[in-house]
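# Chains, contacts and geometry: an overview
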Amino acid sequence: MKKDSQIENKKVFVLGLAKSGAAVSRVLHNVGCSLLVNDLKRYEENEEAQQLEQLGISVICGRHAEKELDESFDVLVKNPGIPYTNPIVEKAIALHIPVVTEVEIASLISEAPIIGITGSNGKTTTTTLIYEILKASQKHPLIAGNIGTVASSVAEKAKSYEVMVTELSSFQLQGTLQFHPKIAVLLNLFDAHLDYHGTKEAYIKAKANIFADQTKEDYAVLNMDDETVWSLRHQINSTIVPFSQTKEAKDGAYVHEQMIYFKEQPIIAIKDIALPGNHNIENILAAVATTKLYGATNEAIVHVLKAFPGVEHRLQYVTEKKGRKFYNDSKATNMLATQKALSAFTQPIVLIAGGLDRGNGFDDLIPYFSHVRALVTYGETKHKLKDSAEKAGVKKIFVVETLEEAVGDAWNASEEGDIVLLSPACASWDQFKTFEQRGDMFVHFVHTLL
């Protein structure tokens, strides 16, 4: 771990525990910081708070510790999901106390260089591809962030010869000041998390923080096909490396005559890639550009792309029964992800969708319902999805309360040769703690049913 006077022995207020808050508290404690940790979960039920207290860390549970926050604190580290309208965050800002997330701490202490990956969709697939390719190239990658271990915990143990491959959300990036990835990847930008950021402009600004502290010696890997992403190149100081499915991006990664190229060098034919779905070509191009910049071999790239089947909860193949194939796409927490999932198949689809109501409608899915044989919808958004499916002319629509009921009805509605697809187009938080839990339950219900 790099010794850094910017964080060592500082007085820190940690707001919110869960996975990231507990991890960063331990890291900060280990570098000699004086901590006050605040979490709304009651102490009696808060195992993480109890464990931190055993280390000698001051913990306040069950209430907002707003009165305890004063000018003596050097920084406030907040859980990424806590909004900036939180009264303690607002007070910290008023007191001119820097408000950061734990990825900022990771950047300050990591001996290893960081590759950061963000975007509205495709982050997990791209992050995993980059990790696997660098691993096959003997580059000693560590996987971190949303996809794996909390970034600050990985950074604490990272060595200079390793590299942190880190998936990053807009929530995390909004709370960065000096976060400095050697390579920063921006896949795409669509309307997402507007309930948190307020406006699309604020969302884009948060994502663009990934480039804010880069220099000309660093790299920004940008999607040339995404107008919003590509427009950001004018405000980025690092070296731009493009990727594109539609243009010959000679300085980066691109497709030409059904072949993936990097800087005019052919890498692999698209027909030889194992990962299903045309939308994954975008993720593959980003991964190829990033790993080639970091010294990956063509042999390693080809080996991984020929074998890599995809990541859990992202168009994950579950099983086949009586001619029906089941796919778990629980990570599709917005409409764009579901659009891409529906576009990945040519067979008739029985779609299971629904979840948390964020206030949006679902008419943007209508053009993608052309080969949806049946929709089974559940959760808070079930009636909105039903309305959009009716407009699209979907003949069979089932409205149920739970995912378990949805799996049963989807099986009954399916025919031989169909795809039964969970691609919710919604966050999971109305009925599940995480999209991972939702996906795991879907897989469980499928196997139980069959």
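Anything mentioned here points back to the structure above.
Here's a quick rundown of the structure. (Residues numbered from 1 in each chain as written. Predicted model: local features only at pLDDT ≥ 70, side-chain atom pairs only at ≥ 80, totals over all residues. Heavy atoms only, no water.)

### So, the overall build of the protein
Of the regular secondary structure elements, the protein holds 16 helices and 20 strands. The C-alpha atoms of the protein give 23 Å as radius of gyration, which agrees with the globular expectation for 450 residues (22 Å, within 12%). Overall, the C-alpha framework of the protein stretches about 65 × 55 × 35 Å when taken along its three principal axes. For the protein, the residues scored as buried account for 56% of the 450 residues in total. Entry remark: accessible area of the protein is about 18600 Å², with carbon and sulfur atoms responsible for 48%. Separation of charge centres in the protein, based on 46 positive and 56 negative side chains, amounts to 2 Å. (Helix = DSSP H or I, 4+ residues; strand = E, 2+ residues; numbered from the N terminus. Rg over C-alpha atoms; globule rule 2.2 N^0.38 Å. Buried < 20%, exposed > 50% of the residue type's maximum accessible area, 1.4 Å probe, protein only. Areas by Shrake-Rupley, 256 points an atom, 1.4 Å probe, with all protein chains shown as cover. Lys, Arg positive; Asp, Glu negative; His and termini not counted. Charge placed at Lys NZ, Arg CZ, Asp CG, Glu CD.)

### Quick look at unusual backbone geometry
What is expected of a backbone is that most residues other than glycine have negative phi and most peptide bonds are trans. Phi is positive for Glu257, close to 50°, though the residue is something other than glycine. With respect to the element layout, Glu257 can be found in the loop between β12 (253–256) and β13 (259–262). Relative accessible area serves as the criterion here: at 69%, Glu257 is assigned to the exposed category. Unlike most non-glycine residues, Glu264 shows phi in positive territory, near 70°. Residue placement: Glu264 occurs in the loop between β13 and β14 (265–269). With relative accessibility at 54%, the residue Glu264 sits in the exposed group.

### Concerning the pairing of strand β9 (residues 183–186)
Side chains Ile183 and Val185 of β9 all project onto a buried face; the interleaved residues Ala184 and Leu186 project onto the opposite face, where all are buried too. Summarising the sheet, strand β6 (residues 114–118) and β9 pair through 4 bridges and their orientation is parallel. Within β9, the residue paired with Gly116 across the bridge is Ala184. As paired strands, β9 and strand β10 (residues 219–223) are joined by 4 bridges and run parallel to one another. From the neighbouring strand, Ala184 faces β10, where its bridge partner is Ala220. (Pairing = 2+ DSSP bridges.)

### Let's talk about the sheet that holds strand β5 (residues 99–100)
Reading across the sheet, the 5 strands line up as β3-β2-β1-β4-β5 and stay open at both edges, with parallel pairing between neighbours. At either margin of the open sheet sits one strand with a lone partner, and together these are β3 (58–61) and β5. Note: strand β4 (residues 75–78) against β5, 2 bridges, orientation parallel. What sits directly across from Leu76, in β5, is Val99.

### Some words on the sheet that holds strand β19 (residues 396–399)
Spatially, the 6 strands line up as an open sheet ordered β15-β16-β20-β17-β18-β19, and their pairing is mixed. Since the sheet does not close on itself, it has two edges, and those belong to β15 (316–321) and β19, each with one partner. This sheet shows a mean twist of 15° between the axes of neighbouring strands, independent of strand direction. Summarising the sheet, strand β17 (residues 349–353) and strand β18 (residues 372–377) pair through 5 bridges and their orientation is parallel. (Axes fitted to C-alpha atoms, helices over the stretch in contact; angles between N-to-C directions.)

### Things to note about helix α3 (residues 87–94)
Residues of α3 that are buried include every one of Ile88, Val89 and Ala92, and no others. Along the axis of α3, the buried residues cluster in a sector spanning 100°; they form a single face. Here the buried face of α3 lies against β1 (11–15), β2 (34–39), β4 and β5. By the N-cap criterion, in which a side-chain oxygen at the helix start approaches the backbone nitrogen of a residue two or three places on, α3 is capped by Asn86, the distance to Ile88 being 2.8 Å. Just beyond α3, the residue with positive phi is His96, at close to 65°. (Arc of directions from axis to C-beta. Contact = heavy atoms within 4.5 Å. Polar contact = N/O pair within 3.5 Å; in protein donor to acceptor, adjacent residues only side chain to side chain.)

### Section: the pairing of β13
Across 4 bridges, β12 lies against β13 in antiparallel orientation. Residue Tyr254 lies in a different strand from β13, and its bridge partner there is Tyr261. Pairing of β13 with β14 involves 4 bridges; the strand directions are antiparallel. Bridge assignment links Ile260 to a residue of β14, and that residue is Ile268.

### Things to note about the pattern of salt bridges
For side chains bearing opposite charge, pairing can occur when the charged atoms are close. Counted according to the given criterion, the structure contains 16 salt bridges. Across the pair Lys250 and Glu248 runs a salt bridge, and its minimum N-O distance is 3.5 Å. Lys250 sits in the partly exposed class, given a relative accessible area of 36%. Between Lys386 and Glu390 there is a salt bridge; the shortest N-O distance is 2.7 Å. On the criterion of helical spacing, the pair formed by Lys386 and Glu390 is a turn pair, its members being 4 residues apart in helix α14 (residues 382–392). Classification of Glu390 by relative accessible area gives partly exposed; the value is 42%. (Salt bridge = Lys/Arg side-chain N within 4 Å of Asp/Glu carboxyl O.)

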